[in-house]
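Given next are the chains, with one letter for each unit.
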Number of protein chains: 2
Amino acid sequence: MSRHIAFGVILTGTGGPGEHNRWLDPEIPGDASVDIDWYIEQAQLAEAAALDLVFIVDSQFITPDSPPHYLNRLEPLTLLSALAARTSRIGLVGTATTSYNSPFNLARRFASLDLISRGRAGWNVVTSGDGGTAGNYGRDEHYDYATRYARAAEHIEVSQALWDSYEDDAFPRDRASGRFLDPEKLHATGHRGEHFAVAGPLNIERSRQGQPVIFQAGDSEPGRDLGARYADGIFTHAASVEANRAFAADIRRRAAEAGRDPEGLRILPGAKIVVADTDAEARDLELAQHRLSNTFEQALAELGRPFGWHDFRQYDLDAPFPAEALVHAERSFKTQATQITENAVRQGLTLREVVERAAAPHRSPFVGSAQTVADTLEEWFRAGAADGFNIYVSTPSQLRRFIDEVLPILRARGLARTAYEGTTLREHLALPAPENRHTRARREAQVGALAGAV
Amino acid sequence: MSRHIAFGVILTGTGGPGEHNRWLDPEIPGDASVDIDWYIEQAQLAEAAALDLVFIVDSQFITPDSPPHYLNRLEPLTLLSALAARTSRIGLVGTATTSYNSPFNLARRFASLDLISRGRAGWNVVTSGDGGTAGNYGRDEHYDYATRYARAAEHIEVSQALWDSYEDDAFPRDRASGRFLDPEKLHATGHRGEHFAVAGPLNIERSRQGQPVIFQAGDSEPGRDLGARYADGIFTHAASVEANRAFAADIRRRAAEAGRDPEGLRILPGAKIVVADTDAEARDLELAQHRLSNTFEQALAELGRPFGWHDFRQYDLDAPFPAEALVHAERSFKTQATQITENAVRQGLTLREVVERAAAPHRSPFVGSAQTVADTLEEWFRAGAADGFNIYVSTPSQLRRFIDEVLPILRARGLARTAYEGTTLREHLALPAPENRHTRARREAQVGALAGAV
């Protein structure tokens, strides 16, 4: 575990996931999601505070009912590359799907971002939820759940193999001898798996952090296994200290079972942060912000998402919840749709009541005065419920209050850094740079030969 | 035709295509191809001179014998996005293959670059030459020639349809009414073609130049047709004024046959430029630079490329050229391999002689004193052999000589701009921003209805 609480900042433009009206806040420009200067400003603010990383979410499927930030946004890797050129220390983590990218192309783009940023790239591995995404990639249906996770695992393995194509001393670049490459240090990949075949090698060297940092956010059983096996960082929901401590323990147990060092993982719950002068004012502000998320009509449309974007507007709002809608549920949202349906049937809720509850404010644990927020963050960190937090704030002024009011309290307690000590994302997160697999194999073979000789 | 000669600068790091030892020049850092600061410096130099664009070549297949810049380089779109954040006016053109990218992903990345750069993105469409590329994308063999070009055409058409997903006034972003999107101005793509099926819409709006600029460089029959039908800009070899004038006339004829305005195309031959105090010194410098390109051994290995990377080192150098090697020729290099073989047989050359001739200096027409180079560029431009040039210089000091010595002569003649007049790449190239197809259809329907009413 790191000495410091790690902090990521979820950068969005015109509102986050499911937020339809955030852009009505006067602080949010209507074109924030496609304005690179907006992102640069937020990232530079976070970097000036020596935070660990900025994080970009993604999706590739929209309908006219999608929230504004979904409708129209910059693509994560081109966005992060621009940020790399305007920042120097902060980590740059982008979401990309293993379902609809070829391993060679995606591994190459992350490796390139990693070099451009001089070792600050991170990849949030997703398999894509919305079934409609398939239609943008020549498929009638999305991959089934098992296939998606199997592809994700193989995709990560191929990517990591590609990233090790060159050993760190592969390029002598010796002008005296004219020797540019040491061909012994270049390794083809030769991968032929169930889902991908990639000959390699990749045409790009490793960065100073060795490989991009892998993040993962799946909360299902296969999601937890995937994260525990491959991820350096885990994003998850912030439910409660107890639930998140149990989650962290479960992930570390799975990591140990997979033969990994369980302390080599950073678990970062997503933390909606609202800071005001008093706890009461902060709660009022949270409620006011929430009112900007969804109208009833938007919540009604949004309810359709786990049900394969089923249109609930066709039903009588005051009749019992239409449980038959469950047949439309997407595979990836099946758990969520089933919970909503079973809960509605058990409690005898009408459709209107289900929508109202879905639209009701989720009270974040991280809302209050700066003192309260700092205390809560510390409590979670010390309880082992979090190694850090991926924070979401609604406005730039809230990011400034977090930086100017909450962070100084944590710094005074030795829980947040005052300045960067390293230059790479792995260094920020106190994660070792992975040794190149071919270098390690050679080293181990030499040690073995030496042992044999003795 | 534009008033000005258009200028692109081919940005490479440790040497260009086929150049093995350029990095031995003291001006070229050994890690230039993976150093973003190197690219930023060159791009800013070109922008300060108000040149039209920088251009990034690409490939996705290497062997240990590949030239240094191929072995290890940044990926074009992440690279260009970083350049977008450190420049403000110069066009940013990147190479990407239609053979191994999905239209949705690639169109999205170019659209994102186009917004990040505020209308400066260009796409050099290629189909990938090296057969070995297939192995990095799960294929045993590269697509055959006809398929590659059919995919390219369909890929461009889908991309352009995706780029028109939102009409330019699709986002009222009206805070008073809370209306973010006008759903009538959002259009699905619904493409189901022979090679691609893409439902759309794309989740990103158009830039101020409407759509990224399409470039194409194929010189074969299908390549010329593809360029004439879809491209805004054509890259080609600079052979001679006569040959290039004929090429330009041929392309414009094909464009007219495809129903396009033949003057709506910019033809930019690649121009290797060498400037010195006198013509003789420039020729000497060209020869000295050439000696840094290839050793005999490297030229022998490089000869294998059009022959499917066939290894010619197995043959007696002083025996007649092994014409049987032609059976290994890649489809995409068949013409080149056949020419080499037939020429060798006709002239009775040994393998050594073929390699020596292949490695012999190509004398560029654009080598001389600043006055000579300016005169030659003007001659080509006035003769209709070129609308501009995609220039390649070996070193930063040569780029500075071009900018400091050649450009002022052209400016004095009114043939080069002294400062940017527009902000987008289309404006630099005097190309109109394409109207959104759905806006045009609505406008044309309204005109039709009006005519019917009268």
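Residues numbered from 1 in each chain as written. Chains lettered and ligands numbered in written order. Predicted model: local features only at pLDDT ≥ 70, side-chain atom pairs only at ≥ 80, totals over all residues. Heavy atoms only, no water.

Chain A has the name FMN-dependent oxidoreductase (Nitrilotriacetate monooxygenase family) in an unreviewed UniProt entry, where Microbacterium telephonicum is given as its organism. In its Sequence similarities (unreviewed entry) section, the UniProt record describing chain A reads: "Belongs to the NtaA/SnaA/DszA monooxygenase family." (UniProt positions renumbered as here; feature names shortened; annotations may be inferred.)

Colleague: Explanation requested: the sheet that holds strand E12 (residues 388-392) of chain B in the structure shown.
Modeller: The strands that make up a sheet pair up through hydrogen bonds in the backbone, lying either parallel or antiparallel. Residues and elements named next belong to chain B. Here we have eight strands rolled up into a closed barrel, ordered E1-E2-E3-E4-E7-E8-E9-E12, and parallel in their pairing. Sheet twist, expressed as the average angle between the axes of neighbouring strands with direction ignored, equals 30°. Bridge count for strand E8 (residues 233-237) against strand E9 (residues 266-272) is five bridges, and the pairing is parallel. Note on E9: the bridge partner recorded for Thr236 is Pro269. (Pairing = 2+ DSSP bridges. Helix = DSSP H or I, 4+ residues; strand = E, 2+ residues; numbered from the N terminus. Axes fitted to C-alpha atoms, helices over the stretch in contact; angles between N-to-C directions.)

Colleague: Would you mind going over the interface of chain A and chain B with me for this structure?
Modeller: In many analyses, interface size is given as the accessible surface area lost on bringing the parts together. Counting from both sides, the interface comprises 70 residues of chain A and, opposite them, 70 residues of chain B. Between chain A and chain B the total buried area reaches about 5,600 Å² when both faces are included, carbon and sulfur atoms providing 55% of it. For the pair chain A and chain B, the interface holds eight salt bridges. Arg192 of chain A is the salt-bridge partner of Asp140 of chain B, the closest N and O atoms lying 2.8 Å from each other. The interface formed by chain A and chain B contains 46 residue pairs in polar contact (both at pLDDT 80 or more). Taken together, the elements giving at least two residues each to the side of chain A that touches chain B come down to helix H1 (36-48), helix H2 (68-71), helix H3 (76-84), helix H4 (103-116) and strand E6 (197-198) of chain A. For the side of chain A that touches chain B, the leading source of residues is H4 of chain A, giving seven residues. Split by residue class, the side of chain A that touches chain B holds 35 nonpolar, 17 polar and 18 charged. (Contact = heavy atoms within 4.5 Å. Buried area = accessible area lost by both parts, 1.4 Å probe. Salt bridge = Lys/Arg side-chain N within 4 Å of Asp/Glu carboxyl O. Polar contact = N/O pair within 3.5 Å; in protein donor to acceptor, adjacent residues only side chain to side chain. Nonpolar A, V, L, I, M, F, W, Y, C, P; charged D, E, K, R; others polar.)

Colleague: What's the story with the relation of the copies chain A and chain B in this structure? I'm lost.
Modeller: Superposition of chain A onto chain B requires a rotation of 180° combined with a translation of 0.0 Å along the rotation axis, giving an RMSD of 0.1 Å. On this basis, the relationship between the two copies can be described by a two-fold rotation axis. Across chain A, the smallest distance between a C-alpha and the rotation axis is recorded for Ala82 of chain A, namely 2.2 Å. When the interface residues of chain A are mapped onto chain B, 100% of them again lie at the interface, so the same face is used by both copies. (Least-squares fit on C-alpha atoms with pLDDT ≥ 70 in both.)

Colleague: What should I look at first to understand the domain arrangement of chain A in this one?
Modeller: All names here are of chain A. Per the domain assignment, the segments making up chain A are domain 1 (6-281 + 363-428) and domain 2 (294-359). Across the boundary between the two partners, domain 1 contributes 17 residues, which contact twelve residues of domain 2. With both sides pooled, the region where domain 1 packs onto domain 2 buries about 1,200 Å², and carbon together with sulfur makes up 41% of that total. The largest per-residue losses of area from domain 1 upon contact with domain 2 belong to His20, Asp65 and Asp130, which jointly make up 35% of the total buried on that side. There are two salt bridges connecting domain 1 and domain 2. In this structure, the salt-bridge partner of Arg313 is Asp65, at a minimum N-O distance of 2.9 Å. Of the residues in the side of domain 1 that touches domain 2, the class split is five nonpolar, seven polar and five charged. (Domains from an automatic or database assignment.)

Colleague: Which parts of the structure should I look at to understand the pairing of strand E12 (residues 388-392) of chain A?
Modeller: On a regular strand, one side chain projects to one face of the sheet and the next to the other, so that they alternate. All names here are of chain A. For E12, a buried count of five out of five residues is recorded, marking the element as mostly surrounded by other parts of the structure. Here E12 shows no split at all, with Gly388, Asn390 and Tyr392 on one side and Phe389 and Ile391 on the other all buried. Here strand E1 (residues 6-10) runs beside E12; their pairing, made up of four bridges, is parallel. Following the sheet pairing, Gly8 is matched in E12 by Asn390. By the bridge criterion, three bridges tie strand E9 (residues 266-272) to E12 in an arrangement that is parallel. Bridged to Gly270 within E12 is Asn390. (Buried < 20%, exposed > 50% of the residue type's maximum accessible area, 1.4 Å probe, protein only.)

Colleague: What is the right way to look at the UniProt feature "binding site: FMN" (unreviewed entry) in chain A in this model?
Modeller: Residues and elements named next belong to chain A. As recorded in UniProt, the sites labelled "binding site: FMN" (unreviewed entry) are Asp58, Thr95, Tyr149 and Ser220. Note on Thr95: relative accessible area 5%, which makes it buried. At a separation of 2.8 Å, a polar atom in the side chain of Thr95 contacts the main-chain carbonyl oxygen of Ile56. Here Ser220 is to be found in the loop between strand E7 (213-216) and helix H6 (221-230). Taking relative accessible area as the criterion, Ser220 reaches 23% and is therefore assigned partly exposed. Other than its neighbours up to four places away in sequence, Ser220 contacts Tyr145 and Tyr149. Here the side chain of Ser220 touches Tyr145 through a polar contact of 2.5 Å, side chain to side chain.

Colleague: Looking at this structure, I do not really get helix H8 (residues 279-291) of chain B. What am I missing?
Modeller: Residue pairs spaced three or four apart in an α-helix point in one direction, given the helix's 3.6 residues per turn. All names here are of chain B. Compared with the 18 Å implied by 1.5 Å per residue over 13 residues, the 19 Å span of H8 between its first and last C-alpha is a close match. Within H8 the residues assigned to the buried category are Ala282, Glu286, Gln289 and His290. Along H8, the residues classed as buried sweep out an arc of 100° about the axis, all on the same side. Residues of H8 that are exposed and point over 90 degrees away from its buried face: Ala280, Asp284 and Arg291. (Expected span 1.5 Å × (residues − 1). Arc of directions from axis to C-beta.)

Colleague: I keep staring at the confidence of the model for chain A and nothing clicks. Help me out?
Modeller: The predicted coordinates should not be examined in detail at positions where pLDDT is low. When pLDDT is averaged along chain A, the result is 94; 99% of the residues meet or exceed 70. As a predicted assembly, this complex carries a pTM of 0.93 together with an ipTM value of 0.93. (pLDDT = per-residue confidence, 0-100.)

Colleague: Mind showing me how you'd approach the sheet that holds E12 of chain A here?
Modeller: Residues and elements named next belong to chain A. Spatial strand order, E1-E2-E3-E4-E7-E8-E9-E12: eight strands in a closed barrel with parallel pairing. Direction aside, neighbouring strands of the sheet carry axes that sit 30° apart on average. Relative to strand E3 (residues 91-97), H3 is tilted by about 170°, and along the sheet it contacts strand E2 (53-56) and E3.

Colleague: How should the environment of Glu356 of chain A be read in this particular structure?
Modeller: All names here are of chain A. With respect to the helices and strands, the residue Glu356 is situated in helix H11 (residues 351-359). Looking at Glu356, the relative accessible area reads 43%, which means it is partly exposed. Glu356 sits 61 residues away from Thr295 along the chain, and the two C-alpha atoms are 9.9 Å apart.

Colleague: Would you mind going over helix H11 (residues 351-359) of chain B with me for this structure?
Modeller: Residue and element names in this part refer to chain B. Turning to H11, its buried residues number three or more, namely Leu351, Val354 and Val355. Mapping the buried residues of H11 onto a view down its axis gives an arc of 95°, with all of them on the same face. Contacts from the buried residues of H11 go to helix H9 (296-303) and helix H10 (334-347).

Colleague: Just to check I follow, could you spell out the packing of H3 of chain A against helix H4 (residues 103-116) of chain B for this structure?
Modeller: A pair of packed helices is characterised by two quantities: the angle between their axes and the separation of those axes. Orientation of H3 of chain A relative to H4 of chain B, taken along the N-to-C sense of each, is 35°, at an axis distance of 8 Å. Judged by the twist between their axes, the crossing of H3 of chain A over H4 of chain B is right-handed. Only Arg108, Arg109, Ser112 and Ile116 of chain B of H4 of chain B make contact with H3 of chain A, whose side of the interface consists of Pro76, Thr78, Leu79 and Ala82 of chain A. Tallied by class, residues from the contact of H3 of chain A with H4 of chain B come to four nonpolar, two polar and two charged. (Left-handed = near helix turned anticlockwise from the far one by under 90°.)

Colleague: Would you explain the packing of aromatic side chains in this entry?
Modeller: In this description, an aromatic ring pair is defined by two values, namely the gap between the centres and the angle between the planes. Residues and elements named next belong to chain A. Evaluation of the coordinates by the stated rule reveals 40 aromatic pairs over all chains. A centroid spacing of 6.2 Å and a plane angle of 55° characterise the contact between Phe307 and Phe321, whose relative ring orientation is tilted. Here Phe321 lies in the loop between helix H9 (296-303) and helix H10 (334-347) and Phe307 lies in the loop between H9 and H10, a separation of 14 residues in the sequence. Both residues of the pair, Phe307 and Phe321, count as buried. Connected via pairs of aromatic rings, a cluster forms that spans Phe7, Phe366, Trp380, Phe389 and Phe402. A cation over an aromatic ring shows up here: Arg139 above the ring of Tyr143, its NZ or CZ 3.7 Å from the ring centre. (Phe/Tyr/Trp six-rings, centres within 6.5 Å; stacked < 30°, edge-to-face > 60°. Lys NZ or Arg CZ within 6 Å of the ring centre and 35° of its normal.)

Colleague: Any chance you could explain the pattern of salt bridges here in plain terms?
Modeller: As a working rule, side chains carrying opposite charge can pair if their charged atoms are close by. Here the structure, examined in full by the defined rule, presents 74 salt bridges over all chains. As a salt-bridge pair, Arg254 of chain B and Glu221 of chain B come within 3.0 Å of each other at their nearest N and O atoms. Taken together, the residues Arg254 of chain B in helix H7 (residues 241-257) and Glu221 of chain B in helix H6 (residues 221-230) connect sequence positions 33 residues apart. Linked through salt bridges whose partners overlap, the residues forming this network are Asp219, Glu221, Arg224, Asp225, Asp250, Arg253, Arg254 and Glu257 of chain A.

Colleague: Explain the packing of helix H1 (residues 36-48) of chain B against helix H13 (residues 396-412) of chain B to me, please; I cannot follow it from the model alone.
Modeller: Residues and elements named next belong to chain B. In the contact formed by H1 and H13, the axes pass within 10 Å of each other and the chain directions differ by 10°. It follows from the interaxial angle that H1 and H13 lie roughly parallel. Touching Trp38, Glu41, Gln42, Leu45 and Ala46 of H1 are Pro396, Leu399, Arg400 and Ile403, all from H13. Grouping the amino acids of the contact of H1 with H13 by side-chain chemistry returns six nonpolar, one polar and two charged. (Parallel < 35°, antiparallel > 145°, perpendicular 65-115°, else oblique.)

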